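Residues per chain are reported as follows:
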Amino acid sequence: MTFFSYGFILRGIEVGLIIGAISPLIGIFLVLRRYSLIADTLSHVSLAGVAVGLWLNVNPLLTAIGVSVASSFAIEKLRLSKKVYGESALSIFLSGSLAIALIILSLAHGFSVDLLIIFSAVF
């Protein structure tokens, strides 16, 4: 029980309790709007952004953020203008962005790219 004397443990518990209280409210909103796969989709889209950053030799974090924000607007526009359900728009971007990321990574440096080294250099 001595690990409770560390400040980072207490802050971690506090943050965990706050997230545990807020997450169900956000989850209900996302499920009702048919966006239950949004986190998975945006993670695949951000991988495509990292691939674009590696291909253009710019900061992969900036391109990942830019591509993720642009695709979130595109997902919403597709859902509103074409009358496509939220899950359908998300699945299009999820599979498409993963395929694009693999193609760009293979064009940029081959399959020998170590993303863990790149992420540790960015952060």
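Residues numbered from 1 in each chain as written. Predicted model: local features only at pLDDT ≥ 70, side-chain atom pairs only at ≥ 80, totals over all residues. Heavy atoms only, no water.

As for the nonpolar core
Side chains of a nonpolar character, in soluble globular proteins, are inclined to be buried together. Quick note on the threshold: Buried residues of nine kinds, namely Ala, Val, Leu, Ile, Met, Phe, Trp, Tyr and Cys, make up a nonpolar core once their side-chain atoms join them within 4.5 Å. Only protein chains enter the accessibility calculation, which uses a 1.4 Å probe. A residue is then buried if its area is under 20% of the maximum for its type, exposed if over 50%, and partly exposed in between. We count a stretch as a helix when DSSP gives it H or I for four or more residues in a row; a strand needs E for two or more, and each element gets its number in order from the N terminus.
A48, V50, A51, L54, A64, A101, I104 and L105 form the largest nonpolar core, which has eight residues in total. For this core, the leading source of residues is helix 2 (residues 38–56), giving four residues.

Side note on unusual backbone geometry
With phi around 60 degrees, N57 is a residue other than glycine that occupies positive phi space. Here N57 shows up in the loop between helix 2 and helix 3 (60–81).

Brief notes about a nonpolar patch on the surface
The criterion, for reference: Patch membership requires over 30% relative accessible area and the absence of a salt bridge. Like charges are linked within 9 Å, and nonpolar side chains (Val, Leu, Ile, Met, Phe, Trp, Tyr) within 5 Å. Residue burial considers only the protein chains on display, and all accessible areas are found by Shrake-Rupley using a 1.4 Å probe. Any Lys or Arg side-chain nitrogen located within 4 Å of an Asp or Glu carboxyl oxygen qualifies as a salt bridge.
On the surface, a cluster of nonpolar side chains totalling about 880 Å² of accessible area is made up of M1, F3, F4, Y6, F8, L10, I13 and L17. Residue position: L10 is located in helix 1 (residues 7–32). Residue classification places L10 among the partly exposed positions, given a relative accessible area of 40%.

Topic: the side chain of T63
The test is simple: In the analysis that follows, any N or O atom pair within 3.5 Å is treated as a polar contact, provided that within protein one partner can donate a hydrogen and the other can accept it, and provided that, for residues neighboring in sequence, both atoms belong to side chains.
As for its placement among the helices and strands, T63 is situated in helix 3. Judged by its relative accessible area of 16%, T63 is buried. A distance of 2.6 Å separates the side chain of T63 from the backbone oxygen of G49, its partner in a polar contact. At 3.0 Å, the side chain of T63 and the backbone oxygen of P60 are in polar contact.

Everything listed is a geometric property; what it means functionally is a separate question.
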